[in-house]
Amino acid sequence: MRAMVYRGPYKVAVEEKDIPSVEHPNDAIVRVTLGAICGSDLHLYHGLIPDTRVGTTFGHEFIGVVEEVGPSVQNLKVGDRVMVPFNVYCGSCYFCARGLYSNCHNVNPNATAIGGIYGYSHSCGGYDGGQSEFVRVPFADVGPSLIPDWMSDEDAVLLTDALPTGYFGAQLGDISEGDTVIVLGAGPVGLFAAASPWLMGAGRVIVVDHLDYRLAKAREFAHAETYNFAEHRDIILELKKATDYLGADVVIDAVGAEADGSFLQHVAGAKLKLQGGSPIALNWALAAVRKGGTVSVLGAYGPAPTGIKFGDAMNKGLTIRANQCPVKRQWPRLFEHLRNGYLRPSELVTHRIPLEHIAEGYHLFSGKLDGIIKPLVVPGAS
Ligand SMILES: [Zn+2]
Ligand SMILES: [Zn+2]
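The protein goes by Alcohol dehydrogenase in an unreviewed UniProt entry, where it is assigned to Sinomonas atrocyanea. Recorded in UniProt under Cofactor (unreviewed entry), the annotation for the protein is "Zn(2+)". Under the UniProt heading Sequence similarities (unreviewed entry), the entry covering the protein gives this text: "Belongs to the zinc-containing alcohol dehydrogenase family."

**Q** Would you mind showing me how to read the domain arrangement of the protein here?
**A** One frequent convention defines the size of an interface as the accessible area lost when the parts assemble. Along its sequence, the protein is organised into domain 1 (2-161 + 326-378) and domain 2 (162-322). Computed over C-alpha atoms only, the centres of domain 1 and domain 2 are separated by 26 Å. On the domain 2 side, the residues contacting the 33 residues of domain 1 number 24 residues. Both faces considered, domain 1 and domain 2 share a buried interface measuring about 2,400 Å² in area, 69% of it formed by carbon and sulfur atoms. When the buried surface of domain 1 facing domain 2 is broken down by residue, Leu348, Lys368 and Ile373 rank first, second and third, together holding 25% of it. Viewed at the interface, domain 2 and domain 1 are joined by 0 salt bridges. At the surface where domain 1 touches domain 2, the tally comes to 8 residue pairs in polar contact (both at pLDDT 80 or more).

**Q** Looking at this structure, I do not really get the environment of Arg344. What am I missing?
**A** Tracing the backbone through its elements, the reader meets Arg344 in the loop between α10 (327-339) and β16 (349-354). Put simply, Arg344 and Glu154 are 190 residues apart on the chain and 9.9 Å apart in space, counted from C-alpha to C-alpha. In contact with Arg344, not counting residues within four places along its chain, are Asp155 and Phe221.

Conventions we followed
Counting starts from 1 at the beginning of each chain's written sequence and moves along it residue by residue. Note on labels: chains are lettered from A, ligands numbered from 1, in written order. The model is predicted, so local features are restricted to residues of pLDDT at least 70 and side-chain atom pairs to those at 80 or more, both for listing and for counting; the totals for chains, interfaces and linings are taken over all residues. Hydrogens and waters are ignored; side-chain quantities use all the structure's heavy atoms. UniProt positions are given in the numbering used here, feature names are shortened, and annotations may be inferred rather than shown by experiment. An automatic or database domain assignment is the source of the domain bounds shown. Contact between two residues is taken to exist if any of their heavy atoms lie within 4.5 Å; hydrogens are not considered. The buried area of a pairing is the accessible area, by a 1.4 Å probe, that goes missing from both parts when the two are put together, added over both. The rule for a salt bridge is simple: a side-chain nitrogen of Lys or Arg has to be within 4 Å of a carboxyl oxygen of Asp or Glu. Think of a polar contact as two N or O atoms within 3.5 Å of one another; within protein, one of them needs to be a possible hydrogen donor and the other a possible acceptor, and neighboring residues in sequence only count if both atoms come from side chains. Segments assigned H or I by DSSP are reported as helices when at least four residues long, segments assigned E as strands when at least two residues long, and all are numbered from the N terminus.

Written out as structure tokens, the structure reads:
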């Protein structure tokens, strides 16, 4: 089969690999019909995630058709059209039993720190991902779901991470009626995080980024007010002015440490002269939220970020909530929001890249070129 393989920082290729086989009675093999590159894949691409091994295949956002099932799989059959959450999880451990699928204890030797994720380095379990023609899906009775007939492939693939993660960020904010919500970062997850508060009663949504084309999308797709932080000497002051000098009720950090290479490198390099990896977005969140407010963290942070202004969080009486999204928990409600037309995730798709050309996709996405917002990956399309 053809599969994307990691060849070192900023180097990916498409190579021939063996089709994965059933290794456990609960496995399924899924033939990928549509995948995506995620902003968080850029952390891998930039060589920032520990234990990202050369030769592994990325891709935690994919849908497909069941090609083969292990002997004990009961909920799937060959030919089923399925969506697969980015979380690999067992469904029965202490954490899974509480719906914390992203914190599963059984799918990663590093499980005390992080759960299992497809195509996201051996730090996250070493599972090959879906930027390929076939994927082995463990615990096949647990994670995948049938794609409803009325749902398009492009909407379905965005339900495997980007939309549920953005929506989850808004949920973690515990939004009350009339709340002002600031979203830092206008990548796909940030845009979904900005569209979601309206479904929870928010009164205002403000999006902050430095890429004008993405801020335009935030106005159009998420009906948000927008600020380009590169145009302001002190973005926190601007945000305070915009919120009666109190700060926002909720701030969602959809950037993370290191981020996708551009948000922070821009701030770090051009504005603050700091090393990459400093939690600038998180400190902005702590500064822009009002006293007693909530900071919701979706952006990815490595094991040892430094320089978080934790004293501010304590003295302002903040609530900080964070997690990787437990994707399948979000699906029933999100299915209804899609069916009713409240959310149209595929509106963020800007590029459909043949798997054979995925290196070009990474290059475009990493460089924020060609107006890219969300690139999909199409196996067998070239
Ligand atoms: Zn993702
Ligand atoms: Zn589990």
